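The chain contents come next:
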Amino acid sequence: MKFSTRFDIDGFVLSIIVVAVAASLFPASGTGATVLDRATTIAIALLFVLYGARLHPREALEGLKHWRLHSVVFAATFVLFPLIGLALRILVPSVLTEELYTGVLYMCLVPSTVQSSIAFTSIARGNVAGAIVSASASNLLGVFVTPALVILLMNTTGDVHVDAASIVDIVVQLLIPFAVGQLIRPRVAGIMQKYAEPTKYVDRGSILLVVYAAFSAGMVEHAWDGLAARDIAALVLVCCLVLALVMGTTVFAGRALGFSLPDRIVIVFCGSKKSLATGLPMAAVLFAGQPIGLIVLPLMVFHQIQLMVCAALAQRYARRPESVAVPSSPDPASSAG
């Protein structure tokens, strides 16, 4: 079966590319840019309300039953990735420009995906229940951990600065809406399950709006003027290198720590991913007033590479001859990844 029919995601990635091209050709400026900025702010807040409404608190508590598995996934997402990102500083300026390196470092700080991590684990006949808890908890923790890592690491690396006003924006646009979503969850969970498909349009519409705003601002501020074909090629190679390092490490760690094959599959797929759906809106808040077009570009490139590589790897796992018993999974509210 084709990848697009399994995940219904290629069309979304194509939409992102189309929106980025449209923003490059028809950037918003003046009053249009002001309206776009306010619309993006509202969309991001709504997106995090939905995140809060989808995540059942019980899912985090379920993680305690398999804390070793989830600890390894969290370590890959929030320790291994950031360490690799910091180490890649040696590639500036010979391989990566300062601006692209800033984007690569930010990419290493965002949480794991939810939807695709679970989908790949399912196809590979891994521990789906473990993937649900690990991926969901990664996104939950990412709301708090990613801004903290950005403040800790990116204020002293590159030209990005997160000041007190940005911290207030994080609280107002991310944490408060997320808390509101958690509070209203008991009342809206049934409605969201019933209308799961329409809510995906809110998710993806918000992300497309952020992409348009980022690329539009990049064109107005001439952020792309110095970006050559060599820079794009170098970025693709660096993203491939990061993915290879993380996947190799997670495979080794899973075996060295004695995890079963279904659990090792979870570690590989949940520990090696970065969420476009969470990372783009966060960037719009964390780097407000700064040209975020180049900052989010590495995340967009890495996202597409990880989908293609993980699709092939999941199929390889699925073709193994032995039958693997996989624990049954709870019925989570769907999340965008």
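Check the entry above for the structure.
These numbers come from a predicted model, not from an experiment. (Residues numbered from 1 in each chain as written. Predicted model: local features only at pLDDT ≥ 70, side-chain atom pairs only at ≥ 80, totals over all residues. Heavy atoms only, no water.)

This part is about the packing of aromatic side chains. Under the counting rule described, the total for this entry stands at 4 aromatic pairs. Ring geometry for F120 and F269: centres 5.7 Å apart, planes at 25°, overall stacked. Linking F120 in helix α7 (residues 115-123) with F269 in helix α12 (residues 261-271), this pair joins segments that are 149 residues apart in sequence. The pair formed by F120 and F269 is uniform in burial state, with each residue classed as buried. Ring geometry for F269 and Y317: centres 6.1 Å apart, planes at 75°, overall edge-to-face. One end of the pair, F269, is in helix α12; the other, Y317, is in helix α14 (residues 293-318), with 48 residues separating them in the sequence. Judged by its relative accessible area of 18%, Y317 falls in the buried class. (Phe/Tyr/Trp six-rings, centres within 6.5 Å; stacked < 30°, edge-to-face > 60°. Helix = DSSP H or I, 4+ residues; strand = E, 2+ residues; numbered from the N terminus. Buried < 20%, exposed > 50% of the residue type's maximum accessible area, 1.4 Å probe, protein only.)

Taking 1.5 Å of rise per residue, the 24 residues of helix α3 (residues 31-54) would be expected to cover 34 Å, and the 35 Å separating its terminal C-alpha atoms lies within 8% of that figure. For α3, the complete set of buried residues consists of L36, T40, A43, I44, L47, F48, V49, L50, Y51, G52, A53 and R54. (Expected span 1.5 Å × (residues − 1).)

Turning our eyes to something else, we now look at the nonpolar core. Among the nonpolar cores identified, the biggest contains 72 residues, and Y106, V211, V242 and F287 are the most heavily contacted of them. Apart from residues no more than four positions distant in its own chain, V242 is found in contact with F81, I84, L88, M107 and F302. Among the nonpolar cores identified, the runner-up in size contains 13 residues, and V72, I118, F259 and C270 belong to it. (Core = buried A, V, L, I, M, F, W, Y, C linked by side-chain atoms within 4.5 Å. Contact = heavy atoms within 4.5 Å.)

So, on to the layout of surface pockets. There is about 500 Å³ of room inside the largest pocket. D37, A213, A217, A284 and G289 are the residues nearest the centre of the largest pocket, which is lined by 23 residues in total. Counting residues per element, the ones that place at least two in the lining of the largest pocket are α3, α9 (164-194), α10 (196-220) and α13 (276-286). By residue class, the composition of the lining of the largest pocket is 14 nonpolar, 6 polar and 3 charged. (1 Å grid on protein atoms, 1.4 Å probe; cavity = no way out; pocket = protein on both sides within 12 Å on 5 of 7 lines; lining within 4 Å. Points joined across faces, edges and corners; volume = space filled by probe spheres on them. Nonpolar A, V, L, I, M, F, W, Y, C, P; charged D, E, K, R; others polar.)

Here the structure, examined in full by the defined rule, presents 2 salt bridges. Here E98 ties to R89 by a salt bridge, and the two come within 2.6 Å at their closest N and O atoms. In this structure, the salt-bridge partner of R230 is D231, at a minimum N-O distance of 3.4 Å. (Salt bridge = Lys/Arg side-chain N within 4 Å of Asp/Glu carboxyl O.)

This part covers the packing of α3 against α13. Remark: α3 packs on α13, axes separated minimally by 10 Å, with the N-to-C direction vectors making an angle of 135°. The angle between α3 and α13 falls in the class oblique. Judged by the twist between their axes, the crossing of α3 over α13 is left-handed. Contact residues: α3 offers I44, L47, F48 and Y51, while α13 offers A277, T278, P281, M282, A284 and V285. Of the residues belonging to the contact of α3 with α13, the class tally is 9 nonpolar, 1 polar and no charged. (Axes fitted to C-alpha atoms, helices over the stretch in contact; angles between N-to-C directions. Parallel < 35°, antiparallel > 145°, perpendicular 65-115°, else oblique. Left-handed = near helix turned anticlockwise from the far one by under 90°.)

This part covers a nonpolar patch on the surface. Where nonpolar side chains cluster on the molecular surface, the patch consists of L14, I17, V18, V21, L25 and F26 and spans about 620 Å² of accessible area. On the basis of relative accessible area, V21 is assigned to the partly exposed category, the value being 44%. (Patch = residues over 30% accessible without salt bridge, like charges linked within 9 Å, V, L, I, M, F, W, Y side chains within 5 Å. Areas by Shrake-Rupley, 256 points an atom, 1.4 Å probe, with all protein chains shown as cover.)

Where helix α6 (residues 98-107) meets α14, the closest approach of the two axes is 7 Å, and the angle between their N-to-C directions is 55°. The angle between the axes of α6 and α14 places the two elements in the oblique class. Where α6 crosses over α14, the two elements pack in a sense that is right-handed. Where α6 approaches α14, its residues E99, L100, T102, G103, V104, Y106 and M107 are matched on the opposing element by L294, I295, L297, P298, L299 and F302. Taken together, the residues of the contact of α6 with α14 sort by class into 10 nonpolar, 2 polar and 1 charged.

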